[in-house]
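If you want the building blocks of each chain, they are given just below.
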Amino acid sequence: MSRSLRMYQHIAVAFVVITFLLLLCVLYLSVSRATIRITPEPKSVDVNARIDVVGEPTEDGQVKGIVVEKTLEKSKVFTLPADGAKAVEGKASGYVTLINETAKDQPLVTTTRLISETGVLFRLQSSVTVPAKGQVDAFVQADAAGKSGEIGAAKFTIPGLNTTLQTQIYGVSVASMTGGVQYVRALTQKDIDDAVAALSAEILSETKQGLSADVDRAELDGESYEVTTVSQSTDSIVGAEVGSFTLTLKQTITAVYYPKSEVESYAEKLLAKQISDGFTVSSIDHETTTSEVTELDLINAEAVIAVSLSGMSIISADAPVLDKDRFVGRAPHEVLTLLRASDAIQDVSVSFTPFWLKRVPTLQDHIRIIIEEPKH
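As the structure is a prediction and not an experimental result, all values here were calculated from the model.

1. Considering the sheet that holds strand β5 (residues 86-89)
- Pairing is antiparallel in the open sheet, where 3 strands are placed in the order β5-β14-β16. Both edges of this open sheet fall to β5 and β16 (241-242), since each of them pairs with a single strand only.
- When strand β14 (residues 181-186) meets β16, the two strands line up antiparallel, connected through 2 bridges. Counterpart to Ala186 in the pairing with β16 is Glu241.

Set out below in structure tokens:
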């Protein structure tokens, strides 16, 4: 009995030891983890997309939009900068808003007199008709040369009208008159080019409001414009000694309105198609996105816009280089060597749980790969 008892005791101890070892093994397998942190090397990617703007889209690459056009002519006086010029007396000029409070249109001929409250005489430089119960802007010039004509904002009477009409038809100015003393120098082509750019921007700004009046901008929030110069003229030629000059510009503005989000989504889809397998789009630079009208069909109210989109791509978790089979059972330095050899990886680190582990676990679900934000 004593011998049998000792044998059973040995068996029981052996069972406990084996069970304990199995528990340790299970515990080891359940808690052992390897974490591989990847800092990817970002790569630039861009796409140029062609998108058709049509009334009713039927194909991929088409969006619903509107094409409208308007022509506007505008004149403006540009004063040359004083740098490098000589001072000479000139006639101050500027714009006056003519107001008509009567129920009848009032025509005013060229050289019609306007007198400011301080007694300074100006004359209209072109004929105008002031509409009934309305107003119109007109360009005027001082009758006498010199700084006396450089007055500030003022109210003007029109002495050529009878006393009653003078209280109902009058002029007001907001900006000061300028040019009583002009700085004269030779007009250059750059002066004209700068003036064209400035006046063109004004024409576009004014035209935009009229073009979009009947457009649902909540739906068609994207826009692209094409500006065509119909005619351009100045009252002075290059080389003439002047202090100011008048530029007249006639331009046609064609506007294309389209759903911005749909265009960007289509361009982003094309951008993603350019990414190689094992990579993903990490960011898109919407601030540098550009759109330009390349083709117009005014008869059918259709257009083609070219959209340029840029972004960055990084390695993705399904890339072959990150296949977990490559890492099982390896030491940390072996993992680092394998991954640092890839030009798609900027940096890499390996950590274990528990910390005393020396090799990557043999179970793939115990290997965690984290792709962090790239360092720019």
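Back to the text.
2. Some points on the nonpolar core
- The biggest cluster of nonpolar side chains holds 20 residues, and the ones touching the most others in it are Leu98, Leu114, Phe122, Leu124, Phe156 and Met177.
- Broken down by secondary-structure element, the contributors of at least two residues to this core are β6 (93-100), β9 (121-124), β10 (128-130), β11 (134-142) and β12 (154-157).
- The biggest single contributor to this core is β11, with 3 residues.
- What Leu114 contacts, discounting residues up to four positions off in sequence, is Val96, Leu98, Val120, Leu121, Phe122, Leu124, Val140, Phe156, Thr157 and Ile158.

3. Topic: the pairing of strand β8 (residues 113-116)
- Along β8, the buried face is formed by Leu114 and Ser116; none of Arg113 and Ile115, which line the opposite face, is buried.
- Bridging between β8 and β9 involves 3 bridges; their strand directions are antiparallel. For Ile115, the partnering residue across the bridge sits in β9 and is Leu121.
- Connecting the antiparallel pair β8 and β9 is a turn made up of 4 residues, with Gly119 showing a positive phi of about 90 degrees.
- Sheet topology note: the β8/β12 ladder contains 2 bridges and is antiparallel. Each residue of the ladder has a partner; that of Ile115, found in β12, is Thr157.

Quick notes on the rules
- Residues numbered from 1 in each chain as written.
- Predicted model: local features only at pLDDT ≥ 70, side-chain atom pairs only at ≥ 80, totals over all residues.
- Heavy atoms only, no water.
- Pairing = 2+ DSSP bridges.
- Helix = DSSP H or I, 4+ residues; strand = E, 2+ residues; numbered from the N terminus.
- Core = buried A, V, L, I, M, F, W, Y, C linked by side-chain atoms within 4.5 Å.
- Buried < 20%, exposed > 50% of the residue type's maximum accessible area, 1.4 Å probe, protein only.
- Contact = heavy atoms within 4.5 Å.

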